There are 2 protein chains.
Amino acid sequence: MGDIHNMTTIRDVARQAGVSVATVSRVINGNSYVNKDTESRVREAIQVMDYEPNTVARGLASKKTGTIAVILPDIMNPFFSELARAVEDTARHHKFTVIFCNSDDQAPKEKLYIQVLQQRYIDGMIFASNTLDEEDIQTMRGHGISLVVLDRAPRRGNCSIIRSKNVEGAKTAVQHLLSLGCRKIAHIAGPEELITAQERKQGYLDTIRHLKGFDPALIVPGHFSISGGIGAAQALLEYHPDVDGIFAGNDLMAAGALKALHRMGVSVPEQVSLCGFDGVAIAEMTEPELTTVAQPIYEMGATAAKRLIGRIRGETEEPSVTELDVQLVERDSTKRRVRR
Amino acid sequence: MGDIHNMTTIRDVARQAGVSVATVSRVINGNSYVNKDTESRVREAIQVMDYEPNTVARGLASKKTGTIAVILPDIMNPFFSELARAVEDTARHHKFTVIFCNSDDQAPKEKLYIQVLQQRYIDGMIFASNTLDEEDIQTMRGHGISLVVLDRAPRRGNCSIIRSKNVEGAKTAVQHLLSLGCRKIAHIAGPEELITAQERKQGYLDTIRHLKGFDPALIVPGHFSISGGIGAAQALLEYHPDVDGIFAGNDLMAAGALKALHRMGVSVPEQVSLCGFDGVAIAEMTEPELTTVAQPIYEMGATAAKRLIGRIRGETEEPSVTELDVQLVERDSTKRRVRR
DNA sequence: AGATTATTTGTAACCGGTTACACTTTCTTT
DNA sequence: AAAGAAAGTGTAACCGGTTACAAATAATCT
């Protein structure tokens, strides 16, 4: 019973304050001349009537909804949940609301989201997923939707990019393994189509290709997932039982590999040293704890959100590319071995 | 350059099809009489002009935005990221969009969110967080916002509730420990103010209170977090080195406890059997893997979303309470011990 | 056949804001 | 003092849909 949706409107406030709606709007938005006295009368009326401007109406009129969307592969992946948390925190501080979309790295889902979000007058979008072609970027541009992309480098689309030094990080990881005395270092790689996976593989290759004993068969796919890491480690040890070092393209695969190695009775780090990439929380939960190349995940998300909101507000003009540093975090899964 | 936001509107379509906007609207919504021929003319016009109705305008006019919000403590907690994923998947299938809000279990943040979301004409809300008083519920009711609550039992607010059998699950866990031969079973409890934590503690107490050797000091707080679990286990073993079984109120604390026990040189399950609660993925990543009382997390989220959308659409009338079963998953962190 | 009901469609108000434009009043400037 | 610029405010159109109401036509009922 009782009226539903009986909110007070800007016209109610205007009447109460004895001014026009335009004046109330001006007071709220502070973007035009308003007399001091008038302003305080209006503010009082707003107080008295407990008025809150309606975001939907405002969105229709101004085409700015104070909403951003984040498209990511899967919120259950701890890397992305941390990223999501960072974005949400930052957005909240700037009075923005966040819509999350899981794409599972499937282009059709992404396209669908882009379409749905455009109809909703989304102000901007953070894209942490896979496919994003020129056309999508142009469409969004045409709709006035700002864009910040993680780990992707579109050629001409004028959007900001936030990325980590993947090649460099991978090199650091492999060099670390080499410095420990590992002779036969394998790589569990992420999906071929993902640029981050490509770059980490590249770093591995760059470091190891010219060394004796290098064998392309030491690169096995692990799909960036735990189960993929398990399968990869199994296959690896089956065909190359003398592997003494593994660089996994992310921590999830490293954790999976660790599990598999344990099941096969291979001890880490004594027999095999293992290094991951990302620096997510679960890397500390395993036994032994995982050495990893840590990205500043929270910072990446926060930076992406800040950058995006800056562009939406027209504060930041030109799109920029930010490359964040990664850091080797040495833990128990890698250890100096005796030279044989 | 180029026009921004030059979308085709319903009036464009009406003109193209030679009908009025009302007719186009009727075709789109299918809620009124429309002549077959007229309808196909309109549909063709929609096709030709590549028309997509504007969600914001529709929201203003109808006060239905096709958006639901999920308020949860922290998306980085794997329990909640799985829940979030389930909600998003389900919502997407029903063409709803989801806004996520991290409350950190802080009432002020929750209140703020509720306010912000009301201004946005949210259709409904899934509440998986802590505080939610009668007043909030009434406010939302007054604004026509449907509500589904996880693990909370508001007295009169007419909202649906999804919950797990926490007391029963906790009993199962403790009985399991007892059946293994544990004599001194401790409990690492979640925050006092959370009903789930209370219930799990209750189950522990109900099972163990009347047994000889029961000691209230065996209940230590762990704040539902990994670090809390670490601290709790340390404190526990320091004062009660003869503890031989631990039931942790969630998996995160169990994982933390495991870590602490390992650092202290206490072997699991040989010296201490350890059981968690929730059934999140990381319970399988530890070494040894954690025995836990698994909740059907994904199902909880999916059910909550389905229930909510049902209520929004007016399909489900009365609010309902759903209690989901939990299941003991035996893994390596608990093992039968030799009777001494 | 006349009355009643079901179909079909259009007109225009409305949702609750923003803002272009016009107009008045109050400085500044020369 | 006259002219131009700045400050202050209101009117009304507009954003892009939904929907109450009215009116016309077709179908069904006594």
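Every value quoted in this text rests on a predicted model; they were computed, and no experiment measured them.

### Things to note about the overall build of chain A
When its secondary structure is counted, chain A shows twelve helices and twelve strands. In summary, chain A has a C-alpha radius of gyration of 26 Å against a globular reference of 20 Å for 340 residues, an excess of more than 25%. Projected onto its principal axes, the C-alpha positions of chain A cover 90 × 40 × 40 Å. By the burial criterion, 57% of the 340 residues in chain A qualify as buried.

### A word on the packing of helix α1 (residues 10-17) of chain A against helix α3 (residues 36-49) of chain A
Residue and element names in this part refer to chain A. One way to put it is that α1 packs onto α3 with a least axis distance of 9 Å and a crossing angle of 120 degrees. The angle between the axes of α1 and α3 places the two elements in the oblique class. Of the two possible hands of crossing, α1 and α3 adopt the one that is right-handed. Two secondary-structure elements touch here, α1 through D12, V13, Q16 and A17 and α3 through R41, V42, A45, I46, V48 and M49. Taken together, the residues that form the contact of α1 with α3 break down as seven nonpolar, one polar and two charged.

### Here's the deal with the relation of the copies chain A and chain B
With an RMSD of 0.0 Å, chain A superimposes on chain B once it is rotated by 180 degrees and translated 0.0 Å along the axis. The two molecules are tied by a two-fold rotation axis, judged by turn and shift. The share of interface residues of chain A whose copies in chain B are also at the interface is 100%, consistent with both copies meeting through the same surface.

### Quick look at the protein's contact with DNA strand C
The environment of DNA strand C is formed by 31 residues, the closest being I10(A), S25(A), R26(B), Y33(B) and T38(B). Counting only the atoms of DNA strand C that lie within 4 Å of the protein, the sugar and phosphate share comes to 59%. For DNA strand C, a base nitrogen lies 2.6 Å from a polar atom in the side chain of R11(A). At a separation of 2.7 Å, a phosphate oxygen of DNA strand C approaches a polar side-chain atom of T23(B). Counting residues per element, the ones that place at least two in the surface near DNA strand C are α1, α2 (21-29) and α4 (55-62) of chain A together with α2 (21-29) and α4 (55-62) of chain B. Residue composition of the surface near DNA strand C, grouped by class: 14 nonpolar, eleven polar and six charged.

### Focus: the nonpolar core
Ranked by size, the top nonpolar core spans 148 residues in total, and within it I126(A), Y204(A), I246(A), I126(B) and I246(B) carry the most contacts. Beyond its immediate stretch of four places on either side in the chain, I126(B) contacts A69(B), V70(B), I71(B), V87(B), V148(B), L150(B), A304(B), A305(B) and L308(B). Listed in part, the 34 residues of the second largest apolar core include Y113(A), M140(A), V149(A) and I99(B).

### Looking at the protein's contact with DNA strand D
What surrounds DNA strand D is a group of 31 residues, the closest being R26(A), Y33(A), T38(A), R11(B) and S25(B). Backbone sugar and phosphate groups make up 60% of those atoms of DNA strand D lying within 4 Å of the protein. Note that a phosphate oxygen of DNA strand D is positioned 2.7 Å from one of the backbone N or O atoms of N35(A). Residue N29(B) places a side-chain N or O atom 3.0 Å away from a phosphate oxygen belonging to DNA strand D. Of all the elements in the fold, those that place two or more residues in the surface near DNA strand D are α2 and α4 of chain A together with α1 (10-17), α2 and α4 of chain B.

### A word on the domain arrangement of chain A
One frequently used descriptor of interface size is the decrease in accessible area upon assembly of the parts. All names here are of chain A. Domain boundaries assigned for chain A yield domain 1 (10-53), domain 2 (67-164 + 297-325) and domain 3 (166-296). The gap between the C-alpha centroids of domain 2 and domain 3 is 29 Å. In this assembly, 14 residues from domain 2 lie in contact with twelve residues from domain 3. With both sides pooled, the region where domain 2 packs onto domain 3 buries about 1200 Å², and carbon together with sulfur makes up 53% of that total. Here domain 2 and domain 3 share one salt bridge between them. The partner of R163 in a salt bridge is E199, and the shortest N-O contact between them spans 2.8 Å. Where domain 2 touches domain 3, the interface holds seven residue pairs in polar contact (both at pLDDT 80 or more). Elements with a minimum of two residues in the side of domain 2 that touches domain 3: α5 (78-93), β5 (160-164) and α12 (297-312). The dominant element in the side of domain 2 that touches domain 3, judged by the number of residues it contributes, is α12, at four residues. Here the side of domain 2 that touches domain 3 is built from residues that sort into six nonpolar, three polar and five charged.

### Examining the pairing of strand β10 (residues 291-294) of chain B
Residues and elements named next belong to chain B. With burial as the criterion, each face of β10 is covered, one bearing T291 and V293 and the other bearing T292 and A294. Bridge count between strand β9 (residues 273-278) and β10: four bridges; the pairing is parallel. Each residue of the ladder has a partner; that of D278, found in β10, is A294. Relative to strand β12 (residues 327-329), β10 runs antiparallel, the two sharing three bridges. Looking at β12, one finds that A294 is bridged to Q327.

### Examining the state of the cysteines
Taken as a whole and judged by the stated rule, the model has zero disulfides over all chains. C159(A) takes part in no disulfide bond, and the closest cysteine sulfur, belonging to C101(A), lies 17 Å away. Here C101(B) is not disulfide-linked; the sulfur of C101(A) is the nearest cysteine sulfur, at 14 Å. With a relative accessible area of 2%, C101(B) lands in the buried category.

Cut-offs and rules
- Residues numbered from 1 in each chain as written.
- Chains lettered and ligands numbered in written order.
- Predicted model: local features only at pLDDT ≥ 70, side-chain atom pairs only at ≥ 80, totals over all residues.
- Heavy atoms only, no water.
- Helix = DSSP H or I, 4+ residues; strand = E, 2+ residues; numbered from the N terminus.
- Rg over C-alpha atoms; globule rule 2.2 N^0.38 Å.
- Buried < 20%, exposed > 50% of the residue type's maximum accessible area, 1.4 Å probe, protein only.
- Axes fitted to C-alpha atoms, helices over the stretch in contact; angles between N-to-C directions.
- Parallel < 35°, antiparallel > 145°, perpendicular 65-115°, else oblique.
- Left-handed = near helix turned anticlockwise from the far one by under 90°.
- Contact = heavy atoms within 4.5 Å.
- Nonpolar A, V, L, I, M, F, W, Y, C, P; charged D, E, K, R; others polar.
- Least-squares fit on C-alpha atoms with pLDDT ≥ 70 in both.
- Near = heavy atom within 4 Å.
- Polar contact = N/O pair within 3.5 Å; in protein donor to acceptor, adjacent residues only side chain to side chain.
- Core = buried A, V, L, I, M, F, W, Y, C linked by side-chain atoms within 4.5 Å.
- Domains from an automatic or database assignment.
- Buried area = accessible area lost by both parts, 1.4 Å probe.
- Salt bridge = Lys/Arg side-chain N within 4 Å of Asp/Glu carboxyl O.
- Pairing = 2+ DSSP bridges.
- Disulfide = S-S within 2.5 Å.

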